[in-house]
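Spelled out, the chains give:
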Amino acid sequence: IHYTDTGAPDDRPDAPTVFFGHGLLFSGWMFHPQIEALGEHYRCVTIDWRGQGGSSAVRHGYDMDTLAADATALIEHLGLAPVHYVGLSMGGFVGQRIAARHRNLVRSLTLLDTSAGPEDPDNAGQYKLLGAVYRLSGIRPLRKKVLPLMFGPAFLADRGSAAVIAEWERQLGHCRRAGISRAVRGVADRASVAAEIGSITAPTLVIVGADDAATPVRKSENIAATIPGARLEVIPDCGHSSTLEQPAAVTRVIREFLESIGT
């Protein structure tokens, strides 16, 4: 399992840790704008899920429960608990499990563009098919279908976004296709945690892009309505990959949330 760790800031050796879990087809890289901004006051750690980013592709263990076990093992191994957990999409599926089942590990929970329920059946079938095609041919022939799921229309229409998309494709190309395909299936077949998240006690922030096509706003509304005291923020002109599409707005909301909690 690959991870990155900024270490504590020089003047804050006991700084709390912000632990980042990325979305499908990404890596911890998708949080680089937030880490750059928060690293002055927090220790920032990212994890790459199995088969993605720098983590090895393996035969099994792509289900969300196993990924939650990977993350909890890393948190405990590095002695980070309790962490401010920040998870986007797939990272949010994992974060909800950790916060509900291991309360001692989570100081606060930030969920971006995610869902507590299973994948919609129609989408699940489509994602599995896309994953199978990706395993054979890579991302290029799938760009027309995948890009609108990963990014919102405003971001895709902005010529300045080309560099971010190119870097995403470059990093994705370094991963083994078999691992990515299995990760897609793990997301498509995930079990619901809707019945569990009402027990979450950590302060919770739910963020979603107003134009998120993969996990629409209603899914975040359901999470915020279920977790006691959760706060919902909808980011305008933003799709599924909110940390990259609207980095300043997302960072501001997260920073204010963390500051409201303290250590």
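Residues numbered from 1 in each chain as written. Predicted model: local features only at pLDDT ≥ 70, side-chain atom pairs only at ≥ 80, totals over all residues. Heavy atoms only, no water.

Looking at the overall build of the chain
Scanning the chain from terminus to terminus reveals eleven helices and seven strands. Over its C-alpha atoms the chain spans a radius of gyration of 17 Å, differing by no more than 12% from the 18 Å that the globule rule assigns to 263 residues. Projecting the C-alpha coordinates of the chain onto the three principal axes gives extents of approximately 45 × 40 × 35 Å. Counting every position in the chain, which comprises 263 residues, the buried fraction comes to 55%. Considering only contacts in the chain between residues 6 or more positions apart, those separated by 24 or more positions represent 77%. Per element, the accessible surface of the chain, about 11,100 Å² overall, is 51% carbon and sulfur. The chain carries 26 positive and 28 negative side-chain charges, and their two centres are separated by 8 Å. (Helix = DSSP H or I, 4+ residues; strand = E, 2+ residues; numbered from the N terminus. Rg over C-alpha atoms; globule rule 2.2 N^0.38 Å. Buried < 20%, exposed > 50% of the residue type's maximum accessible area, 1.4 Å probe, protein only. Contact = heavy atoms within 4.5 Å. Areas by Shrake-Rupley, 256 points an atom, 1.4 Å probe, with all protein chains shown as cover. Lys, Arg positive; Asp, Glu negative; His and termini not counted. Charge placed at Lys NZ, Arg CZ, Asp CG, Glu CD.)

Structural notes on the nonpolar core
Grouped together as the largest cluster of nonpolar side chains are 85 residues, with contacts concentrated most on Phe19, Leu25, Tyr85, Met90, Val94 and Trp168. Not counting chain neighbours up to four residues away, the residues in contact with Leu25 comprise Gln52, Val146, Met150, Trp168, Leu172, Ile180 and Val184. (Core = buried A, V, L, I, M, F, W, Y, C linked by side-chain atoms within 4.5 Å.)

A few points about the sheet that holds strand 6 (residues 204-209)
The strands that make up a sheet are held in pairs by hydrogen bonds between backbone atoms, and each pair lies either parallel or antiparallel. Taken together, the seven strands give an open sheet; going across it, the order is 1-3-2-4-5-6-7, and neighbouring strands pair in mixed fashion. If you trace the sheet from one side to the other, it starts and ends with strand 1 (3-5) and strand 7 (231-235), each paired once. Each strand of the sheet is rotated relative to its neighbour by a mean of 15 degrees, with strand direction disregarded. With four bridges joining them, strand 2 (residues 17-21) and strand 4 (residues 83-88) adopt parallel strand pairing. Opposite Phe19, over in strand 4, you have Tyr85 as the bridge partner. (Pairing = 2+ DSSP bridges. Axes fitted to C-alpha atoms, helices over the stretch in contact; angles between N-to-C directions.)

Examining the side chain of Asp212
Inspection of the secondary structure puts Asp212 in the loop between strand 6 and helix 9 (217-226). It is Lys219 that comes nearest to the buried, bridge-free Asp212 among opposite-charge side chains, at 9.7 Å. A polar contact of 2.9 Å, which involves the side chain of Asp212, links it to the backbone nitrogen of Ala214. Here the side chain of Asp212 touches His240 through a polar contact of 3.0 Å, side chain to side chain. (Salt bridge = Lys/Arg side-chain N within 4 Å of Asp/Glu carboxyl O. Polar contact = N/O pair within 3.5 Å; in protein donor to acceptor, adjacent residues only side chain to side chain.)

A look at helix 2 (residues 64-77)
Taking 1.5 Å of rise per residue, 14 residues should cover 20 Å, and helix 2 covers 20 Å from first to last C-alpha, within 8% of that figure. On its buried face, helix 2 sits against strand 1, strand 2, strand 3 (43-47), strand 4, helix 3 (90-101) and helix 8 (177-188). The positive-phi residue at the C-terminal boundary of helix 2 is Gly79, with phi of around 65 degrees. (Expected span 1.5 Å × (residues − 1).)

Things to note about unusual backbone geometry
Among all residues except glycine, the phi angle is most often negative; among peptide bonds, the trans geometry is most common. With an omega dihedral of -5 degrees, the bond running from Ala81 to Pro82 counts as a cis peptide bond. Checked against the element boundaries, Pro82 lands in the loop between helix 2 and strand 4. Although it is not a glycine, Asp113 sits at a positive phi angle of roughly 50 degrees. In this fold, Asp113 is placed in the loop between strand 5 (106-112) and helix 4 (121-137). With phi around 50 degrees, Asp237 is a residue other than glycine that occupies positive phi space.

What about helix 7 (residues 162-173)?
Over its twelve residues, helix 7 runs 16 Å from end to end, which matches the ideal 16 Å to within 8%, given 1.5 Å per residue. What helix 7 keeps buried is the set Ile165, Trp168, Glu169 and Leu172. The arc enclosing the buried residues of helix 7, seen along the axis, measures out at 95 degrees, which places them on a common side. Buried positions along helix 7 lie against helix 4, helix 5 (143-150), helix 6 (153-157) and helix 8. (Arc of directions from axis to C-beta.)

Re the pattern of salt bridges
Using the criterion set out here, one finds 14 salt bridges in the structure. One salt bridge in this structure joins Lys219 and Asp120, with 3.4 Å as the shortest N-O distance. Pair noted here: Lys219 is in helix 9 and Asp120 is in the loop between strand 5 and helix 4, with a separation of 99 residues, a long-range link. The class of Asp120 is partly exposed, set by a relative accessible area of 26%. For Asp189, the salt bridge is made with Lys128, and the minimal N-O distance between the two is 2.7 Å. A residue pair is termed long-range when its members are at least 10 positions apart, and Asp189 in the loop between helix 8 and strand 6 and Lys128 in helix 4 qualify at 61 residues. Asp189 gets classed as partly exposed once you look at its relative accessible area, which sits at 43%. For Lys128, a relative accessible area of 27% corresponds to the partly exposed category. Via salt bridges that share partners, Asp65, Arg97, Arg101 and Glu196 belong to a single interconnected network.

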